[in-house]
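# Tertiary structure, described
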Amino acid sequence: MDFTFTEEQQAVVEAAQALFADVAPDGVPSPALTPGAVAEDFDRALWSRLADADLLGLLVDSEHGGVGLDPIALCLVLRESAKVLARVPLLESSAATAAVQTHGDSELRQRVLPAAARGDLVLTVAANGRSGHDPADLAVTAQRDGDQWVLDGLQTGVPWAQSSDLLVVPAHTPEGHTVLAFVPRGHDGLTVAEQISTTGERLGELHLAAVRVTASDVIEADGAWDRLRDLLATGTCALALGLGEGVLRMTSEYTSKREQFGHPVATFQAVAVQAADRYIDLRSMEVTLWQAAWRVSTGADGALPTAGDVAVAKIWASEGVRRVVQTAQHLHGGFGADTDYPLHRYHAWAKQLELSLGPAAAHEETLGDLLAAHALG
């Protein structure tokens, strides 16, 4: 395994850094200052700029207007986006297009991929199940009826559901197989109830009552949902890493300028030790992220299935991002809670990422099950 990024991946990072340099975190709508949802829609202007920079088609082959890179490149861009709290469905839409690219038939690829790469078609994924704690693929049933599929069930906490054009819904068949259904927003039988996340962004609770989609709108390939779920989880870890790095940099700048007893507080041992601990968290988050992203990107064999590396990355990301923002709040003192300062926004976003990733204990249990099932030679 080699963590050296390719020239193409490094070029993507440079493009992302240049694009996100103009995004001001203190201009991101604050859940502490806005009753209800902070906004009706995501940042469409930024979305258009991402499309112009060819960053929406990272996982789309060139024949469909994309760049043809891998999930590692996507994670690099997501990392940069989280440093500035970019309000765009980059992870969800990119992951959904990757599923189409890999598993969709030619008709679905032609219909979805060019428009998604241009930014004209926005996709999201229902990945939280009924409660956020149960398997998403068991929350909706899929019954074949001639050349159509009939979907029934509920999915909660779907990001950007009200703003996306296509909702990717995992569902299980009577035979226990998982399919991916691409359901247009506003489709007959589909209703979207508003939920509000910790960040103040709108989420959607999807209610599917006899929703009918054609066979061409469904991916039936084995493993498609598993790979999509792993990509979403790995991308969320990349967001957690980028946010944590942004917060630690902000804390370093603040403690270097803030003085007590005539000295910058960053020179105090208690402050330096806490910052060093959080730096170790971030480096651990980074190495486990790239291990997982490499497995997701290459499909390389390992001592454990890819899900094992994803579980390790989620353990570090969910706990690490929480510890980073908590330490940042502590080292900023009361200033960290000031709504005129952007740190409280990062804290809200970190909590939402932690909730999205799920508790570390659950991932440790998953990892334990995998270790028990696969003998390590």
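Only a predicted model underlies this, so the values are computations on that prediction, with no experimental measurement involved.

Rules and cut-offs
- Residues numbered from 1 in each chain as written.
- Predicted model: local features only at pLDDT ≥ 70, side-chain atom pairs only at ≥ 80, totals over all residues.
- Heavy atoms only, no water.
- Phe/Tyr/Trp six-rings, centres within 6.5 Å; stacked < 30°, edge-to-face > 60°.
- Helix = DSSP H or I, 4+ residues; strand = E, 2+ residues; numbered from the N terminus.
- Buried < 20%, exposed > 50% of the residue type's maximum accessible area, 1.4 Å probe, protein only.
- Lys NZ or Arg CZ within 6 Å of the ring centre and 35° of its normal.
- Pairing = 2+ DSSP bridges.
- Expected span 1.5 Å × (residues − 1).
- Arc of directions from axis to C-beta.
- Salt bridge = Lys/Arg side-chain N within 4 Å of Asp/Glu carboxyl O.
- Axes fitted to C-alpha atoms, helices over the stretch in contact; angles between N-to-C directions.
- Left-handed = near helix turned anticlockwise from the far one by under 90°.
- Contact = heavy atoms within 4.5 Å.
- Nonpolar A, V, L, I, M, F, W, Y, C, P; charged D, E, K, R; others polar.

### Quick word on the packing of aromatic side chains
In this description, a pair of aromatic rings is defined by centroid distance and the angle of the planes. Following the criterion strictly, the structure yields three aromatic pairs and no others. Ring centres 5.9 Å apart and planes at 85° place the aromatic pair F42 and W160 in the edge-to-face group. Linking F42 in the loop between α1 (7–20) and α2 (44–52) with W160 in the loop between β3 (148–159) and β4 (166–172), this pair joins segments that are 118 residues apart in sequence. A relative accessible area of 4% means that F42 is categorised as buried. Every member of this aromatic cluster is reached through a ring pair, and the members are F42, W47 and W160. Lying over the aromatic face of Y279, R283 brings its terminal NZ or CZ to 5.0 Å of the ring centre.

### So, the pairing of β4
Most of β4 is tucked away, with six of its seven residues classed as buried. Judged from the three bridges that link them, strand β1 (residues 123–125) and β4 form a sheet pairing that is parallel. Each bridged residue has a counterpart across the sheet, and for V125 the counterpart in β4 is V168. In terms of strand pairing, β4 meets strand β5 (residues 178–184) through seven bridges, oriented antiparallel. Bridged to H172 within β5 is T178.

### Side note on helix α10 (residues 360–373)
For α10, which comprises 14 residues, the first-to-last C-alpha distance of 20 Å matches the rise-based estimate of 20 Å (1.5 Å per residue) to within 8%. By the burial criterion, the buried members of α10 are A360, H363, L367 and L370. One side of α10 holds all its buried residues, which, seen down the axis, span an arc of 80°. Residues of α10 that are exposed and angled more than 90 degrees away from the buried face: A361, E365, A372 and A373.

### Thoughts on the pattern of salt bridges
For the structure on display, the rule yields 24 salt bridges. Measuring nitrogen to oxygen at the nearest pair gives 4.0 Å for the salt bridge that ties D165 to R185. Residue D165 is located in the loop between β3 and β4, and its partner R185 is located in the loop between β5 and β6 (190–196); the two are separated by 20 residues in the primary sequence. Residue classification places D165 among the partly exposed residues on the basis of a relative accessible area of 28%. A salt bridge links R278 to D281, with the nearest nitrogen and oxygen atoms 2.9 Å apart. With a gap of three residues between them, R278 and D281 both fall in helix α7 (residues 269–298), about one helical turn apart. Taken together, the salt bridges that share partners define one network made up of R79, E80, K83, E245, R283 and E286.

### Overview of the pairing of β3
Looking down a regular strand, the side chains alternate between one sheet face and the other. Of all twelve residues in β3, ten are buried; the element is thus mostly enclosed. From the end of strand β2 (residues 140–145) to the start of β3, which pair antiparallel, there are two residues, and G146 there has a positive phi angle of about 65°. As paired strands, β3 and strand β7 (residues 202–214) are joined by nine bridges and run antiparallel to one another. From the neighbouring strand, V158 faces β7, where its bridge partner is G204.

### What about the packing of helix α3 (residues 71–83) against helix α6 (residues 224–257)?
Where α3 meets α6, the closest approach of the two axes is 7 Å, and the angle between their N-to-C directions is 35°. Crossing geometry of α3 relative to α6 is assigned as right-handed. In this structure, α3 contributes P71, L74, C75, L78, R79, S81, A82 and K83 to the contact, and α6 contributes L231, T234, G235, A238, L239, L241, G242, L243, E245, G246 and R249. Tallied by class, residues from the contact of α3 with α6 come to ten nonpolar, five polar and four charged.

### So, the environment of A275
Assignment of secondary structure puts A275 in helix α7. Here A275 falls in the partly exposed class, since its relative accessible area comes to 26%. Through-space distance from the C-alpha of A275 to that of V324 is 8.5 Å; in sequence the pair is 49 residues apart.

### Some points on helix α9 (residues 343–357)
In this model, α9 (15 residues) spans 21 Å end to end at C-alpha, consistent with the 21 Å of a helix rising 1.5 Å per residue. Taking burial as the measure, the 15 residues of α9 include eleven buried ones, the bulk of the element. Among all positions of α9, only L343, H344, R345, Y346, A348, W349, A350, Q352, L353, E354 and L357 are buried. Buried-residue contacts for α9 involve α3, α6, α8 (306–332) and α10. With its phi angle positive at about 90°, G358 sits one or two positions after the end of α9.

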